Amino acid sequence: EDKVVQSPLSLVVHEGDTVTLNCSYEVTNFRSLLWYKQEKKAPTFLFMLTSSGIEKKSGRLSSILDKKELSSILNITATQTGDSAIYLCAVAGGSQGNLIFGKGTKLSVKP
Amino acid sequence: DAGVTQSPTHLIKTRGQQVTLRCSPKSGHDTVSWYQQALGQGPQFIFQYYEEEERQRGNFPDRFSGHQFPNYSSELNVNALLLGDSALYLCASSWSLGLAGKTQYFGPGTRLLVL
C-alpha cells in the first residue's frame, strides 16, 4: 500500500529558530514530491521536487529530495510567527497517479 | 487571475441527506480533483475529472459521485450522508490531468458537518 509519513506530527519553536520537517514515502511509480503549506483551509503550493530537480529554495524555505532514501526534508530558517501552519507532503504516483498525502506537520512559532 | 473557488464555504446536514459541493477551477485549468480531509489528517483523494469524465478514483464508496461541466467546473455529490463524512472537502485544479508532477492548486474548501 502506498504511503507517505511525515515527522514530527507537531513542533513548537521560537521565532528565529531553524526547523527541519521530514517526509518519507513508499509509493509505486513515483513521479514527484510536493510540499504544501496549509494555514486555514486551502493548501498553498510551496515546492515540487522530481528526479531532475532534487533541490529547491525560496527565501527562507528550502527542500531536498533524497531518492535513495525515499525521503525529503523541508527546512525553514529564521522562523517567523507567520510560518505557523500545517505543512503537508504529497507524492504524485501510485497506481492511480494521484497525490498521496501525509498527515502533515503542525508547526507553531512562538514570538 | 481567479484562483480555485468553491461553494458553499460551510454546510450542515443530517444523516441520510444528500449534499452537492461545487468547484470552479483556476483560469486555464481543465482538470479537477476532489479530496476529503478529516480533522488531523492529510487530504485523501476521492476522484479526478477531465474532459467531463471521471478519470481516476480513490477508495471511496459509490455514495460519492461527481460531474464536470463543459466550462470545466465540477460538482461533488454525496448521498446517504454518514457522520463520518464530516470533513473539509477540497477541490484542486490543474492542467491536463495533473498527473506526473503537474502542480495542483487548491481551493479554500467546503467544511461539511453531518449531525
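Engineer: Describe the packing of aromatic side chains, listing the residues and the values that go with them.
Structural biologist: Residue and element names in this part refer to chain B. Summed over all chains, the structure comprises eleven aromatic pairs over all chains. Taken together, a centroid distance of 5.5 Å and an interplanar angle of 50 degrees make the contact between Tyr 35 and Phe 106 tilted. Of the two residues, Tyr 35 is situated in strand β4 (residues 31-37) and Phe 106 in strand β10 (residues 105-106); the sequence distance between them amounts to 71 residues. Across the pair, exposure class does not vary: Tyr 35 and Phe 106 are buried alike. Here the aromatic rings of Phe 60 and Phe 64 are separated by 5.1 Å at their centres, their planes lie at 70 degrees, and the arrangement is edge-to-face.

Engineer: Explain the state of the cysteines to me, using residue names and the numbers behind them.
Structural biologist: All names here are of chain B. Within the structure shown, the criterion is met by two disulfides over all chains. With its sulfur 1.8 Å from that of its partner, Cys 23 forms a disulfide with Cys 91. Since a negative S-S torsion denotes a left-handed disulfide, the Cys 23-Cys 91 link at about -55 degrees is left-handed. Placement of Cys 23 in strand β3 (residues 19-24) and of Cys 91 in strand β9 (residues 87-94) is noted, with a sequence separation of 68 residues between them.

Engineer: Talk me through the environment of A:Cys89; I want residue IDs and the actual numbers.
Structural biologist: Residue and element names in this part refer to chain A. Tracing the backbone shows Cys 89 in strand β9 (residues 85-92). With a relative accessible area of 0%, Cys 89 lands in the buried category. Linking Cys 89 and Phe 47, residues 42 residues apart in sequence, is a C-alpha distance of 9.7 Å. Not counting the four nearest positions on each side in its chain, Cys 89 is found in contact with Val 4, Gln 6, Cys 23, Leu 33, Leu 34, Trp 35, Ile 100, Phe 101 and Gly 102.

Engineer: I'd like a description of the pattern of salt bridges, backed by residues and values.
Structural biologist: In the structure shown here, the tally under the stated rule is six salt bridges over all chains. Note that A:Glu39 is salt-bridged to A:Lys37, the shortest N-O span being 4.0 Å. By relative accessible area, A:Lys37 is classed as buried at 14%. For B:Glu54, the salt bridge goes to B:Arg57, with nearest N and O atoms at 3.1 Å. Residue B:Glu54 is classed as partly exposed on the basis of its relative accessible area, which comes to 34%.

Engineer: Can you explain the nonpolar core? Please cite residues and give values.
Structural biologist: Counting residues in each nonpolar core, the largest one holds 23 residues, and the members touching the most others are A:Val4, A:Tyr25, A:Leu33, A:Trp35, A:Tyr87, A:Val91 and A:Leu107. Going through the elements one at a time, β3 (19-26), β4 (32-38), β5 (43-49), β7 (61-66), β8 (71-76), β9 and β11 (105-110) of chain A are the ones with two or more residues in this core. Excluding anything up to four places from it in sequence, A:Tyr25 contacts A:Lys3, A:Val4, A:Phe30, A:Leu33, A:Leu65, A:Asp66, A:Lys67, A:Leu70, A:Ser71 and A:Val91. Of all hydrophobic cores here, the second largest spans 19 residues; its members include B:Val4, B:Val32, B:Trp34 and B:Leu76.

What counts and how
Residues numbered from 1 in each chain as written. Chains lettered and ligands numbered in written order. Predicted model: local features only at pLDDT ≥ 70, side-chain atom pairs only at ≥ 80, totals over all residues. Heavy atoms only, no water. Phe/Tyr/Trp six-rings, centres within 6.5 Å; stacked < 30°, edge-to-face > 60°. Helix = DSSP H or I, 4+ residues; strand = E, 2+ residues; numbered from the N terminus. Buried < 20%, exposed > 50% of the residue type's maximum accessible area, 1.4 Å probe, protein only. Disulfide = S-S within 2.5 Å. Contact = heavy atoms within 4.5 Å. Salt bridge = Lys/Arg side-chain N within 4 Å of Asp/Glu carboxyl O. Core = buried A, V, L, I, M, F, W, Y, C linked by side-chain atoms within 4.5 Å.

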